[in-house]
Amino acid sequence: MYGEEPGINSIKDASAGRRGNAQIIMVTYAVVIVFMCMAGYIVYFMVNDSSEVINNPYNKRRNILAERIVRGSIYSSDGKVLAKTVTDSSGTEKRVYPYNDIFCHVTGRTANSMTGVELSQCYPLLTSHSNPLKQLAVTFRGEKNLGDDVYTTLDAGLQQVAYNALGNYKGAVVALEPSTGKILAMVSKPGYNPNTVEDDWDTLVEDENSQSALVNRATQGLYPPGSTFKVLTAIEYILENRSSFRKYSYKCKGSESFEGNVINCYGNEEHGGLDLSHSLAKSCNASFANIGMSLDINSFRKLCNKFMFNQKLPVKFEYNQSKFLLDKKSGTDEIMQTVIGQGKTTITPLQNAMIAATIANNGEMMLPYVTDHTQNETGQVVKTYEPVSNGNIIDKETADIIGKYMMSVVEDGTASSLSSFSYKVAGKTGSAEFDSEGTSHAWFIGYAPAKKPKIAVSIVLEGAGTGSQHAVPVAKEMFQNYLGS
Amino acid sequence: MDKKEAVKKLSGIFGDMDVAGMLHTILVVTSKYIIIILFAIYTWHCFTVFLGSNIERKEKIYKRQKYLMYSIHFICSLVLYLNSLDTKIAVYYFIQLAFLVFASKAYPYVYNGLSKTLLNNMLMLLATGFIMLGRLGKNYATKQMVFAAAICLASLFIPYLIEKFQYFDKLGWVYAITGIILLALVFVIGKEKYGAKNWIIIGQFALQPSEFVKILFVFFAAALLAKSTSFLNVAKVSVLAAIHVLILVAEKDLGAALIFYITYIVILFVASRKAIYLGAGFLAGTVAAVAAYNLFTHVQTRVIAWSDPWSHIDRAGYQVAHSLFAIGTGGWFGMGLGEGMPGAVPVAESDFIFSAICEELGTFFGLCLILVEISCFIMFINISLKMQRRFYKLAALGLSIEYIFQVFLTIGGVTKFIPSTGVTLPLVSYGGSSVISTVILFSIIQGMYVLNGDKEEFDAQRENRKSQQGRRKQENRRKTG
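Residues numbered from 1 in each chain as written. Chains lettered and ligands numbered in written order. Predicted model: local features only at pLDDT ≥ 70, side-chain atom pairs only at ≥ 80, totals over all residues. Heavy atoms only, no water.

A. Main features of the overall build of chain A. A tally of helices and strands in chain A yields 18 helices and 19 strands. Taken over C-alpha atoms, the radius of gyration comes to 30 Å for chain A, far larger than the 23 Å a tight globule of 485 residues would show. If you line up chain A on its principal axes, its C-alpha atoms span 115 × 75 × 45 Å. Every one of the 485 residues in chain A was classed for burial, and the buried ones make up 54%. Here the contacts in chain A between residues at least 6 apart in sequence split such that 67% fall between residues at least 24 apart. Accessible surface for chain A amounts to roughly 20,600 Å². Of this, 50% is attributable to carbon and sulfur atoms. Where the 45 positive side-chain charges of chain A centre and where its 49 negative ones centre are 5 Å apart. (Helix = DSSP H or I, 4+ residues; strand = E, 2+ residues; numbered from the N terminus. Rg over C-alpha atoms; globule rule 2.2 N^0.38 Å. Buried < 20%, exposed > 50% of the residue type's maximum accessible area, 1.4 Å probe, protein only. Contact = heavy atoms within 4.5 Å. Areas by Shrake-Rupley, 256 points an atom, 1.4 Å probe, with all protein chains shown as cover. Lys, Arg positive; Asp, Glu negative; His and termini not counted. Charge placed at Lys NZ, Arg CZ, Asp CG, Glu CD.)

This is the structure we're talking about:
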């Protein structure tokens, strides 16, 4: 009864009414802060991540954008048009590729499932960064705005030279700038004509003559590396025998055997007394089998993994992973085969180019990329793609040593025809046997000028024969074109 | 009729000049900027209304906001109509307009002295939902309109109920037991939808009991904790709250479980004023979250989809990835209403409506929407601060936390800020249960505000009388003592 007395009750109410308000205000601040973080995150996403995120093949909005924007052009680094959209008088758009099949894999296509740069830069090409007011005016006129243009790192001249040098062979060429990872050329043969790919599609897919013209051999073709792989075997040997590798000596009798497994040198040639450098220069299988049997396989596997075998590549185009499969359980025969580049190891031309470029770049691997920058219709740069390092794979000293060895391959070894230039070239040939009849893929990896490398190449010609005879001449023409004589 | 046909038909009417086609383009292009500007002004006023206490100025702001809302609604409807030339859209426009006008007149009439900004916000959010749903599928819009109109009408009785049943706060145990039974009912007659078994189908209607129990849950916690925060009582109430949450976890309704849990912790913290409960609550929550992650694959899936949707884009990451595509492609100013591809995002009409809004109306619009939601929350909290009776104070607080935390879960989820939990954006998303419970939530808070206002006046009168009665009381006490 007394509790209901108004006076006492209202005094109690007044203080009770505010009880907990301090806590409520605390909670409110916390909520507002969390929401500010979320809003900030959304703004960050829009500014930094969204353009990257939406450029995904799963994003199906490109047809909507294509209704408003004329797809931008793709250029080579020297300003040649690789792809452009032409609109005829009736308003029908057609994508035109002036170089026909020369750039077909790397530039890609828009028809029949997008590929190449067309795919990796799909949304930038369909986005206009010209003056917003101008865009509005264009829209009011009922016209389409012009999408941004993409400038690639590709050198049109070099690409053509490589394309011609491959001749009628199936195969691939990759050229990188070692200090940046810029892809200077990327050829895969046979190609297809992206201008007529829609009409040719059925033939291309049926592929009666096993041409696999749609496959980009440069990034997707998996080949046995042949003797080019001896570069990695030599590196591993140097790393494991830092103090004694210079004293390595071996007397080649044309073959070597371990536990009844025999490895022969090419043409059973006897190379005689060899150190490590000459073992590589002469590409002596027997000597390398001997080296290989001394290696710590686990450590070798780790080295190869660092060189991005068995790894996903953080790149923006289709590729296959190169495979290095040796492990503790591998038998003697497999080890002997693998260290000379046969066995189960498979490699893409791109991967092999990355190995050469890493050695050329003092052991630091740069991730390969093909888009240099995008710019709007008036030429203002919208976005520049910076080189990205994949870390130091080997130390500078080791890179220097193996580089010298690769120079001796050119000076008095299997690639001697490259010694005629005014600058020094470093390289390694390979002849990778792929069937029991002894036919082989011709390989060459290398870089030039050896002192200050500007270009690293990787060349493979399917079933052509030896690297010296078939791959080295391609490299020669490319160096000639890119660096002069 | 799709957009292209519509444009063609329009130009057919106007001859070869393609005047209509051009007008259409101009309207679609400019309208998205106009909508954003109008909505930005609206949002701005959501906050300026807090400044100062000039009643006339506030009244002006309420009016301006209302006209801004009608304008946005009109422009959006016009664009939708021109995109389809569907007379149904025109009819919808007038029905929706009638609803908005009716609600903005009827509410202040019944809820005497309500927070008008809050009412504006409720209607603005509903209108945004109508527009987006009308664009995503007329079916959704029809149903949403029916539900919204019905519940708004029914809510006009809430102030009467609050006043009539003054013993609301005596029923804590009843709320708890009713809530638990309703939630558990799903195990007996529930249906599974989107991976969570939290639906009850009655005839043509699919009900989500957790949406309604949400409100009962706040009443239960507020009523029992208002009475006492002794350790024993807290323990008892916590057990009951835990039962609610565990049932929801068992139904795989993670979003609702989280909302219930956080709401309870906050109510407990404010009721007891002991930070230790807050700390213990978050600690227990973290432990439970880690345990849930290790125990349940569906929790792992959500976390994977959040941490890296791109590698799992075919399955787990599909929704989040497509939501980000929508938001990113729409850009700051959107593709324009009817110009995007919001259909590419699964359940764009409900859980992922925020990405559909960002895609077509622009991320800038989306950010304004977030600010409007925050202003709702601040108004709720203001009301809670003013409440005199503990039960009302805690209930208003609990409802505000439920509301804003749900907004956080849905927007954070679709933008990949946090793992997605599959809850709706209150008032905007399609969903009968969601709309009904949110309108009730808004109305209850408004009702309490109104009631408190009455009481404040009453208190003021009482204060005056108190001084006169003071002496007499003391004498009385001495006598009875």
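B. Fine view of the sheet that holds strand β4 (residues 93-96) of chain A. Residue and element names in this part refer to chain A. The mixed open sheet is built from six strands, whose spatial order is β4-β3-β2-β6-β14-β15. Each having just a single partner strand, β4 and β15 (381-384) make up the two edges of the open sheet. Pairing analysis gives four bridges linking strand β6 (residues 149-152) to strand β14 (residues 371-375), with the strands arranged antiparallel. Its bridge partner lying in β14, D149 is registered against Q375. (Pairing = 2+ DSSP bridges.)

C. Spotlight on unusual backbone geometry. All names here are of chain A. Residue P190 is bonded to the preceding K189 through a cis peptide linkage, with omega at -5 degrees. Among the secondary structure elements, P190 is positioned in the loop between β8 (183-189) and α9 (197-206). That bond from A448 to P449 is cis: its omega, -15 degrees, falls within 30 degrees of zero. In this fold, P449 is placed in the loop between β18 (440-448) and β19 (455-461). Despite not being glycine, M308 shows a phi value in the positive range, around 80 degrees. Tracing the backbone through its elements, the reader meets M308 in the loop between α14 (297-306) and α15 (332-339).

D. Main features of the side chain of E359 of chain B. Here E359 of chain B shows up in helix α15 (residues 353-361). Residue E359 of chain B is classed as buried on the basis of its relative accessible area, which comes to 0%. In this structure the side chain of E359 of chain B is engaged in a polar contact, spanning 2.6 Å, whose partner is the backbone nitrogen of M341 of chain B. Not counting chain neighbours up to four residues away, the residues in contact with E359 of chain B comprise R61 of chain A together with A326, G330, G334, M335, G340, M341 and P342 of chain B. (Polar contact = N/O pair within 3.5 Å; in protein donor to acceptor, adjacent residues only side chain to side chain.)

E. Looking closely at the packing of aromatic side chains. For the structure shown, the criterion picks out 35 aromatic pairs over all chains. Look at Y140 of chain B and Y430 of chain B: their rings are 4.9 Å apart centre to centre, the planes differ by 55 degrees, and that puts the pair in the tilted class. Separated by 290 residues along the polypeptide, Y140 of chain B in helix α6 (residues 138-155) and Y430 of chain B in the loop between α17 (390-414) and α18 (432-480) bring together distant segments of the chain. Taken together, the aromatic side chains of F35 and Y41 of chain A together with F405, F408 and F417 of chain B make up a single cluster linked through ring pairs. Over the aromatic face of Y163 of chain A sits the side chain of K189 of chain A, whose NZ or CZ is 4.0 Å from the ring centroid. The ring centre of Y392 of chain B lies 5.0 Å from the NZ or CZ of R389 of chain B, which sits over that ring. (Phe/Tyr/Trp six-rings, centres within 6.5 Å; stacked < 30°, edge-to-face > 60°. Lys NZ or Arg CZ within 6 Å of the ring centre and 35° of its normal.)

F. Examining the packing of helix α9 (residues 209-227) of chain B against helix α10 (residues 231-250) of chain B more closely. Residues and elements named next belong to chain B. Packing of α9 against α10 leaves a shortest axis separation of 10 Å and a crossing angle of 170 degrees. The orientation of α9 relative to α10 falls into the category roughly antiparallel. Within the contact between the two elements, α9 uses S210, V213, F217, F220, L224 and L225 and α10 uses N233, V234, V237, L240, A241, H244 and L248. Across the contact of α9 with α10, the residue classes break down as ten nonpolar, three polar and no charged. (Axes fitted to C-alpha atoms, helices over the stretch in contact; angles between N-to-C directions. Parallel < 35°, antiparallel > 145°, perpendicular 65-115°, else oblique. Nonpolar A, V, L, I, M, F, W, Y, C, P; charged D, E, K, R; others polar.)

G. The sheet that holds β18 of chain A, seen in detail. All names here are of chain A. Taken together, the five strands give an open sheet; going across it, the order is β8-β7-β19-β18-β17, and neighbouring strands pair in antiparallel fashion. A single partner strand is all that each edge strand has here, and the edge strands are β8 and β17 (426-433). On average, adjacent strands in this sheet sit at an angle of 5 degrees to one another, irrespective of strand direction. Two strands pair when backbone bridges link them, and β18 and β19 are joined in this way by seven bridges, in the antiparallel orientation. Residue pairing for β19: F444 is matched across the bridge by I459.

H. Structural detail: the interface of chain B and chain A. Each partner contributes residues to the interface: chain B has 62 residues there, and chain A has 50 residues. In total, about 4,900 Å² of surface goes out of reach between chain B and chain A, with carbon and sulfur atoms giving 73% of it. Considering only the side of chain B, the residues that lose the most area to chain A are R273, F325 and F417 of chain B, jointly responsible for 11% of the buried surface there. The interface formed by chain B and chain A holds two salt bridges in total. Between E339 of chain B and R68 of chain A there is a salt bridge whose closest N-O contact spans 3.5 Å. (Buried area = accessible area lost by both parts, 1.4 Å probe. Salt bridge = Lys/Arg side-chain N within 4 Å of Asp/Glu carboxyl O.)

I. Here's a closer look at the packing of helix α11 (residues 230-240) of chain A against α14 of chain A. All names here are of chain A. In contact at an axis separation of 10 Å, α11 and α14 are set at 120 degrees when each is read in the N-to-C sense. Our classification of the angle between α11 and α14 gives oblique. Of the two possible hands of crossing, α11 and α14 adopt the one that is right-handed. Along its contact with α11, which presents L232, T233, I235, E236, L239 and E240, the element α14 presents S299, F300, L303 and C304. (Left-handed = near helix turned anticlockwise from the far one by under 90°.)

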